[in-house]
Amino acid sequence: MDPTCWGLAPLLGPATMAQGRSCLRTSVRWHQAHSIKMAHNSALLVQLQQKAVEADALISSLKVQLADLHQKTMSKACEEKEMHLRAENKKLEQEISLVKEQLIKAEIRNGSDIPAPTNQQKQHAHRLSEKKGKEKKIAAPDQKPVDISRLDLRVGLILEAHQHPNADTLYVESIDVGEATPRTIISGVVQHIPLEQMQKRLVVVLCNLKPAKMRGIVSQGMVMCASSPDKVEILDPPGDALPGERVTCHGFAGEPDMELNPNGKVWEAVQPELRTNNHLVATYKGVPFDVQERGECRAQSMCDTPCAVIKSLL
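Residues numbered from 1 in each chain as written. Predicted model: local features only at pLDDT ≥ 70, side-chain atom pairs only at ≥ 80, totals over all residues. Heavy atoms only, no water.

## Observations regarding the side chain of Arg201
As a reminder of what qualifies: Here a helix means four or more residues in a row that DSSP labels H or I, a strand means two or more in a row labelled E, and each is numbered from the N terminus. The classification of residues rests on relative accessible area computed with a 1.4 Å probe and restricted to protein chains. Under 20% of the type maximum is buried, over 50% is exposed, and intermediate values are partly exposed. Think of a polar contact as two N or O atoms within 3.5 Å of one another; within protein, one of them needs to be a possible hydrogen donor and the other a possible acceptor, and neighboring residues in sequence only count if both atoms come from side chains. Residues are treated as being in contact if the distance between any of their heavy atoms lies within 4.5 Å.
Tracing the chain through its elements places Arg201 in the loop between strand 3 (183–187) and strand 4 (202–206). Under the relative-accessibility criterion, Arg201 is labelled buried at 12%. Within the structure, the side chain of Arg201 is placed 2.8 Å from the side chain of Asp236, a separation counted as a polar contact. Leaving out residues up to four positions away in the same chain, Arg201 has contacts with Gly156, Leu157, Ile158, Ile234, Asp236 and Gln300.

Shown next as structure tokens:
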């Protein structure tokens, strides 16, 4: 506003009026510039606020992505850890199985109480026996050779033995031969082997003899021994053998008879050819008694002599 409108013109000089007008114009220009600047700052503030909102949204999205990535990474790590643990578990199972076999062998050597084999072990032994049997050529019933292949010789585990109640010279043994229930077998070795040595030990059992009653108790087989007139030793299968595994002689193929016919005289023909050799190994015609994948059957000290024949004393 011009100062002359205030009625001050007569009171002010021309110089003062000019100076006032200049100051007014300067003030107006400053207010205009300040208003423009404020408007610009407001727009900038709105932009910054929008940027902040967008940044918050981006940060939230990144957090979600990071959480998802972390979960996937953890899941993959868990899978790798699980695979590692499974491999370790399998390795431990194999080591435990090996230690169990070694423990059983050690306990058998020491005469300690050992656990009966599991059904799985029995089934494995039975499958091995069946597999070997299928690979052999079976002769016709009326053409079977009279040799050791006719004998059903198996690994047995004596679960318990005691004195025969009606005979001082006989033991009564309960023996696991890989069947559903143990067999009762009677052996006349009381005068040669202490009762404590008859407990929890592996033996070779002839399983297809016709059952026979002996002093009121039925015997379902016989334990194989090396024998001379003054000494008897029970044959030992390999320490890691399992009950039910078949004992064979290489080169004498064939399946054993279901039951030896007493009139067929098979046992009577085969028995004279059974003896131990110079290495204590039980043999038939010089061929070792063998448990497939396990090893040979042996006496403890009785090597080849004319009388060291293998038989069961009844």
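## Focus on the nonpolar core
Note the following rule: Here, nonpolar core means buried Ala, Val, Leu, Ile, Met, Phe, Trp, Tyr and Cys residues that are tied together by side-chain atoms lying within 4.5 Å of each other.
In terms of nonpolar packing, the biggest core is built from 28 residues, with Ile148, Leu151, Leu153, Met224 and Phe289 touching the most fellow members. Of all the elements in the fold, those that place two or more residues in this core are strand 1 (153–163), strand 4, helix 3 (266–270) and strand 12 (282–284). If you look at the next biggest cluster of nonpolar residues, it comprises 17 residues, including Tyr171, Val190, Met198 and Val223.

## Structural notes on the packing of aromatic side chains
Formally: Stacked, edge-to-face and tilted are the three classes for Phe, Tyr and Trp ring pairs, Trp counted by its six-membered ring, which pair at centre distances within 6.5 Å; planes under 30 degrees apart are stacked, over 60 edge-to-face, the rest tilted.
With the rule as written, the count across this model stands at one aromatic pair. Each ring, one from Phe252 and one from Tyr284, has its centre 5.0 Å from the other, and the planes form 75°; the classification is edge-to-face. Of this pair, Phe252 sits in the loop between strand 10 (247–248) and helix 3 while Tyr284 sits in strand 12, placing them 32 residues apart in sequence. Taken as a pair, Phe252 and Tyr284 share a single burial class, namely buried.

## Some points on the side chain of Arg183
Among the secondary structure elements, Arg183 is positioned in strand 3. In this structure the side chain of Arg183 is engaged in a polar contact, spanning 2.8 Å, whose partner is the side chain of Glu179. In terms of polar contacts, Arg183 uses its side chain to reach the backbone carbonyl oxygen of Gln220, at 2.9 Å. For Arg183, the residues in contact, after removing those within four places along its chain, are Arg154, Glu173, Ser174, Ile175, Val177, Cys207 and Gln220.

## Structural notes on the pattern of salt bridges
Counted only if it meets this: Salt bridges are counted wherever a side-chain nitrogen of Lys or Arg sits within 4 Å of a carboxyl oxygen of Asp or Glu.
Applying the stated rule across the entire model yields 11 salt bridges. Of the charged contacts, one joins Glu179 and Arg183 as a salt bridge, the two residues approaching to 2.8 Å between their closest N and O atoms.

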